[in-house]
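Chain by chain, the residues run as shown.
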Amino acid sequence: MALKLSDKPRVLIVGGGYVGLTVAQRLQKKVKASGGVVTLVDPLPYMTYQPFLPEVVGGHIEARHAVVPHRRHLKDTEIITGKVTSVDHDAKTAVVGLDEGESIEVPYQDIVMAAGATTRTFPIEGLAENGIGLKTIEEALGLRNHILERLEAASTMTDEAAKRRALSFAVIGGGFAGIECIAEMEDIIRAAVDQNPRLAQSDVRIVLVEAMGRIMPEVSEEQAVGVVEHLRGRGIEVLLNTSLGSAVDGELTLISMEDKSEVDRFAADTLVWTAGVAANAVARASSFPVDERGRITGSATLQILNEDGQAIEGAWTAGDIAAIPDLTGAGPGGFCVPNAQHAVRQAKHLVKNLLAARYGTGEITEYKHESLGAVAGLGLYKGVGNPMGLKLSGVFAWAAHRGYHGYAIPTVERKARVLCGWASEMVFGRDLTGLRDLENPTKAFFEAAGGGEKSKSKG
Ligand SMILES: Cc1cc2nc3c(=O)[nH]c(=O)nc-3n(C[C@H](O)[C@H](O)[C@H](O)COP(=O)(O)OP(=O)(O)OC[C@H]3O[C@@H](n4cnc5c(N)ncnc54)[C@H](O)[C@@H]3O)c2cc1C
């Protein structure tokens, strides 16, 4: 039996992340009232508020609260949980791979390409097998549980080398995500070690590796130097101009970017990779032109451009998957940087333009946004940033970080859940519970049912 889809003229949204959710929220009722349908396709049934992933690692936010479920908040949208595998704009159809392996063709009138970005890696031996990224809620939760499990395991180890390995943590990439992540990691590691009498802070090694000569390009050089000092003051080793050479069997080799010599070699059970993002591969699997970085070429009106630089009828894009000109002139290479600040504003602007083009509700206008600056959380009560040009650090930056993102996470219901979580942490203190066997939840039943001992999962 074929999947039943609406036969109304369709606005197809590829990706239900920050852009996709915002576009669908703002478009669904208007398109419905005009006799059409908004369809959103995403392999996940929720949007992930990625700026909260480090706080999920730190345990300040419950993993479920950092995501926004599509069905609850998109009641007038046709939702397909699946992955767009190709787009043929001449035929105005997209192919969607469904969970059970079947593929369907979805016709559309207008398309919004909003599949974001994926983690960008390099062919480093052992990285795929031993590393973890920080782009999804599952990674953030898995990383948190893994860290807490390794600390508990280390506290009963008698083999010194195995214990050193369990207590060694490396993060590769000193951008915003990497710095926020390592700061949250250090915070929970310190708190967990404090409550375990068999562990000492001096047993732990936490290393940040950054290939450039500085971290966090989003803040001033002076602030970045301040963050390096701050992290070093917390016992984190910060290695600049250094890269990961190999990670075979969790044995990490670090290489100098200057002369390619080996800087260090150590075994670590925890290797986090946050060294950049790349436009989602579905861009190349579409019939739309992409630039040399695989991004869909868009205009400041958020329309997709053909090879001659002309807007393609019925084709729109925004967010991390797109190369959108930054009309303020501030963006690197002349393009908007891939961040949430642009994603949500581009999405709102795109909706106005799409309605103007399709239903004649106004003029198509160009997107232009002056950056509001950036602010990072560095663990409880610590932060750094330059919101609205103000140089902030410490508890003020941390409060600005929470204030901004608490306001920015979509939907009142999710804001309330996050705020309640923060409030209960203030009352009851940090929750250091690490959940076990999430990747192998049938283990206990299997053993109880006489199946012997099931192989142990990592997390
Ligand atoms: C750890 C971390 C911290 C961050 N912190 C900040 C911050 O503090 N401030 C800030 O401004 N920005 C921050 N960002 C960046 C910000 O989250 C992104 O720029 C923003 O989410 C981009 O929105 P998007 O809709 O383009 O992509 P996304 O939000 O990534 O959404 C893409 C969606 O497309 C879906 N998808 C993927 N492939 C397919 C397919 N083939 N078919 C259909 N759907 C598909 C995905 O499942 C996803 O739901 C952070 C990012 C990370 C990873």
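The model shown is predicted, which means the values in this text are computed figures rather than measured ones. (Residues numbered from 1 in each chain as written. Predicted model: local features only at pLDDT ≥ 70, side-chain atom pairs only at ≥ 80, totals over all residues. Heavy atoms only, no water.)

Another aspect to go through is the site of the ligand. Residues in contact with the ligand amount to 30 residues; listed here are only the nearest, Val19, Asp42, Gln50, Asp320 and Ala340. Gln50 places a polar side-chain atom, nitrogen or oxygen, 2.9 Å from an oxygen atom of the ligand. In the model, an oxygen atom of the ligand is placed 3.2 Å from a nitrogen or oxygen of the Gln341 main chain. Starting from 1,000 Å² of accessible surface for the ligand in isolation, the protein chains cover 89%. Mapped by element, the contributors of at least two residues to the shell around the ligand are helix H1 (18–33), strand S2 (37–42), strand S5 (77–88) and helix H9 (340–359). (Near = heavy atom within 4 Å. Polar contact = N/O pair within 3.5 Å; in protein donor to acceptor, adjacent residues only side chain to side chain. Areas by Shrake-Rupley, 256 points an atom, 1.4 Å probe, with all protein chains shown as cover. Helix = DSSP H or I, 4+ residues; strand = E, 2+ residues; numbered from the N terminus.)

You can see Glu237 is positioned in strand S13 (residues 236–239). Along the primary structure Glu237 and Asp42 are separated by 195 residues, whereas in three dimensions their C-alpha atoms are 39 Å apart. Apart from residues lying up to four places away in sequence, Glu237 is in contact with Arg205, Ile206, Val207 and Leu208. (Contact = heavy atoms within 4.5 Å.)

We now examine empty space enclosed by the protein. Counted by the stated rule, this structure contains 2 cavities of 30 Å³ or more. Considered as a void within the structure, the largest cavity measures approximately 50 Å³ in volume. Every residue lining the largest cavity is listed: Gly319, Asp320, Ala322, Ile324, Cys336, Val337, Pro338, Asn339, His342, Ala343 and Gln346. Ranked by residues supplied to the lining of the largest cavity, first place goes to H9 with 3 residues. Grouping the constituent residues of the lining of the largest cavity by class yields 6 nonpolar, 4 polar and 1 charged. In this structure, the second largest cavity encloses a volume near 30 Å³. Looking at the second largest cavity, the residues that line it are Pro51, Pro54, Glu55, Glu180, Glu184, Gly377 and His401. Looking at the lining of the second largest cavity, the elements that each hand over two or more residues are helix H2 (53–58) and helix H7 (176–194). (1 Å grid on protein atoms, 1.4 Å probe; cavity = no way out; pocket = protein on both sides within 12 Å on 5 of 7 lines; lining within 4 Å. Points joined across faces, edges and corners; volume = space filled by probe spheres on them. Nonpolar A, V, L, I, M, F, W, Y, C, P; charged D, E, K, R; others polar.)

Turning to the domain arrangement of the protein chain, a few remarks are in order. For the protein chain, the domain assignment lists domain 1 (10–118 + 278–359) and domain 2 (127–275). With 18 residues of domain 1 in contact, the opposing surface of domain 2 contributes 15 residues. When the two sides are added together, the surface that domain 1 and domain 2 hide from each other amounts to roughly 1,300 Å², 66% of it contributed by carbon and sulfur. When the buried area of domain 1 at its contact with domain 2 is split by residue, Leu53, Pro54 and Val57 rank highest and sum to 45% of it. Where domain 1 packs against domain 2, one counts 0 salt bridges. Connecting domain 1 to domain 2 are 4 residue pairs in polar contact (both at pLDDT 80 or more). Sorting the residues of the side of domain 1 that touches domain 2 by element identifies strand S3 (46–48), H2 and strand S9 (117–119) as the ones contributing at least two each. Considering each element in turn, the side of domain 1 that touches domain 2 owes the most residues, 6 residues, to H2. In terms of residue class, the side of domain 1 that touches domain 2 is made up of 10 nonpolar, 6 polar and 2 charged. (Domains from an automatic or database assignment. Buried area = accessible area lost by both parts, 1.4 Å probe. Salt bridge = Lys/Arg side-chain N within 4 Å of Asp/Glu carboxyl O.)

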